[in-house]
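Residue strings, one per chain:
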Amino acid sequence: NAGVTQTPKFRVLKTGQSMTLLCAQDMNHEYMYWYRQDPGMGLRLIHYSVGEGTTAKGEVPDGYNVSRLKKQNFLLGLESAAPSQTSVYFCASSSTSGGAFGETQYFGPGTRLLVL
Amino acid sequence: GQQLNQSPQSMFIQEGEDVSMNCTSSSIFNTWLWYKQDPGEGPVLLIALYKAGELTSNGRLTAQFGITRKDSFLNISASIPSDVGIYFCAGHPTGGGNKLTFGTGTQLKVEL
């Protein structure tokens, strides 16, 4: 049981390049999330998914796209990378059991992205 | 978007000391969670709180869900070097569904 895994761990891009970050979870969780973490800002939600085939915008969605074609995978895409997207990206997942509130999120190890 | 106010921003304490940190919000939260993040790693859940007034312990860690539902506290007793890291509070605001709102973090440094 690996939990939540992310690939790649680190990437350097040039402005305008595109890339896809992959998140995989083996806990059969319905919900998946993508966050970015910047110094002094905590974690901010980019996009999330409440089930296979669904996606929704979070707090800072601009410049990113996501897809959830399989329940266990959640992809984050940058179509045209900008220096402002230099950050650490975390994926998380949670289940729907236990009622409407309080389902805890389990995080992956992060992807460090540098856009030059 | 809303972020939780977490204090202090950083702490530098001696090994063996007790540590207290808190998290406040201007709106009501239905749950409070405390995470720890080690350098180069993702956040790991420490304690989850589900009811106002709830006091929960996990080893040397104790957290409380404030009565007003607008704050939470985390205490660490007898700190040790491996307590070093960034501690984040997080919560589910009323009407926010499964989306978490995070605090800005408290960085803990322990002096031997």
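Residues numbered from 1 in each chain as written. Chains lettered and ligands numbered in written order. Predicted model: local features only at pLDDT ≥ 70, side-chain atom pairs only at ≥ 80, totals over all residues. Heavy atoms only, no water.

Asks: Whenever I open this one, the sheet that holds strand 3 (residues 19-24) of chain B confuses me. Can you help?
Replies: Picture the strands of a sheet paired through backbone hydrogen bonds; they go either parallel or antiparallel. All names here are of chain B. Within the open sheet, the five strands sit side by side as 1-3-8-7-6. Their pairing is antiparallel. Because the sheet does not close on itself, it has two edges, and the strands there are strand 1 (5-7) and strand 6 (55-58). Strand-to-strand twist across the sheet, computed as the mean angle between neighbouring axes with direction ignored, equals 15 degrees. With six bridges connecting them, strand 3 and strand 8 (residues 71-76) associate as antiparallel partners. What sits directly across from Thr24, in strand 8, is Asp71. (Pairing = 2+ DSSP bridges. Helix = DSSP H or I, 4+ residues; strand = E, 2+ residues; numbered from the N terminus. Axes fitted to C-alpha atoms, helices over the stretch in contact; angles between N-to-C directions.)

Asks: Explanation requested: the layout of surface pockets in the structure shown.
Replies: Over the atoms, a rolling probe the size of a water molecule traces out where space has been left empty. Looking at the largest pocket, its volume works out to about 440 Å³. Elements with a minimum of two residues in the lining of the largest pocket: strand 4 (31-38) and strand 9 (87-94) of chain A together with strand 9 (85-93) and strand 11 (106-111) of chain B. Looking at the lining of the largest pocket, the element that brings in the most residues is strand 11 of chain B, giving four residues. A class-by-class count of the residues in the lining of the largest pocket yields nine nonpolar, 13 polar and five charged. (1 Å grid on protein atoms, 1.4 Å probe; cavity = no way out; pocket = protein on both sides within 12 Å on 5 of 7 lines; lining within 4 Å. Points joined across faces, edges and corners; volume = space filled by probe spheres on them. Nonpolar A, V, L, I, M, F, W, Y, C, P; charged D, E, K, R; others polar.)

Asks: Can you walk me through the packing of aromatic side chains in this structure?
Replies: Pairs of aromatic rings are described using the distance from one ring centre to the other and the angle between the two planes. The tally for this structure, following the rule as stated, stands at eight aromatic pairs over all chains. Judged by centre distance (5.4 Å) and plane angle (90 degrees), the ring pair of A:Phe107 and B:Tyr35 falls under edge-to-face. Taken together, the residues A:Phe107 in strand 10 (residues 106-107) and B:Tyr35 in strand 4 (residues 29-37) connect one chain to another. Judged by its relative accessible area of 0%, B:Tyr35 falls in the buried class. By the ring-pair criterion, three or more aromatic residues cluster together here, those being A:Tyr33, A:Tyr35, A:Phe107, B:Tyr35 and B:Phe102. (Phe/Tyr/Trp six-rings, centres within 6.5 Å; stacked < 30°, edge-to-face > 60°. Buried < 20%, exposed > 50% of the residue type's maximum accessible area, 1.4 Å probe, protein only.)

Asks: Got a minute to help me understand the nonpolar core in this structure?
Replies: The tendency in soluble globular proteins is for nonpolar side chains to be buried as a group. Residue and element names in this part refer to chain B. Counting residues in hydrophobic clusters, the biggest one holds 21 residues, and the most contacted among them are Leu74 and Leu108. Of all the secondary structure elements, the ones that give two or more residues to this core are strand 2 (10-14), strand 3, strand 4, strand 5 (44-49), strand 7 (61-65), strand 8, strand 9 and strand 11. Contact partners of Leu74, with chain neighbours within four places excluded, come to Val19, Ser20, Met21, Trp34, Ile47, Leu61, Thr62, Ala63 and Tyr87. (Core = buried A, V, L, I, M, F, W, Y, C linked by side-chain atoms within 4.5 Å. Contact = heavy atoms within 4.5 Å.)

Asks: Just to check I follow, could you spell out the interface of chain B and chain A for this structure?
Replies: The accessible area lost on association of the parts is a frequent measure of interface size. Contacts between the two partners involve 22 residues from chain B and, on the opposite side, 25 residues from chain A. Both faces considered, chain B and chain A share a buried interface measuring about 1,800 Å² in area, 56% of it formed by carbon and sulfur atoms. At the boundary of chain B and chain A, one finds zero salt bridges. Taken together, chain B and chain A are joined by three residue pairs in polar contact (both at pLDDT 80 or more). At the level of secondary structure, the elements contributing two or more residues to the side of chain B that touches chain A comprise strand 4, strand 5 and strand 9 of chain B. (Buried area = accessible area lost by both parts, 1.4 Å probe. Salt bridge = Lys/Arg side-chain N within 4 Å of Asp/Glu carboxyl O. Polar contact = N/O pair within 3.5 Å; in protein donor to acceptor, adjacent residues only side chain to side chain.)

Asks: What should I look at first to understand the pairing of strand 1 (residues 4-7) of chain A in this one?
Replies: Within a regular strand, side chains alternate between the sheet's two faces. Residue and element names in this part refer to chain A. Residues Val4 and Gln6 line the buried face of strand 1, whereas the alternating positions Thr5 and Thr7 sit on a face that is not buried. Examined bridge by bridge, strand 1 and strand 3 (residues 19-25) share four bridges and lie antiparallel to one another. Across the sheet, residue Thr7 finds its bridge partner in strand 3, namely Leu22.

Asks: What exactly am I supposed to notice about the pattern of salt bridges here?
Replies: Pairing between side chains of opposite charge can happen when the charged atoms of each approach one another. Scanning the entire structure with this criterion turns up five salt bridges over all chains. With a closest N to O distance of 3.2 Å, B:Asp38 and B:Lys36 form a salt bridge. In this structure, the salt-bridge partner of B:Asp83 is B:Arg60, at a minimum N-O distance of 2.8 Å. A residue pair is termed long-range when its members are at least 10 positions apart, and B:Asp83 in the loop between strand 8 and strand 9 and B:Arg60 in the loop between strand 6 and strand 7 qualify at 23 residues. In this structure, a network of salt bridges that share partners links the residues A:Arg36, A:Asp38 and A:Arg44.

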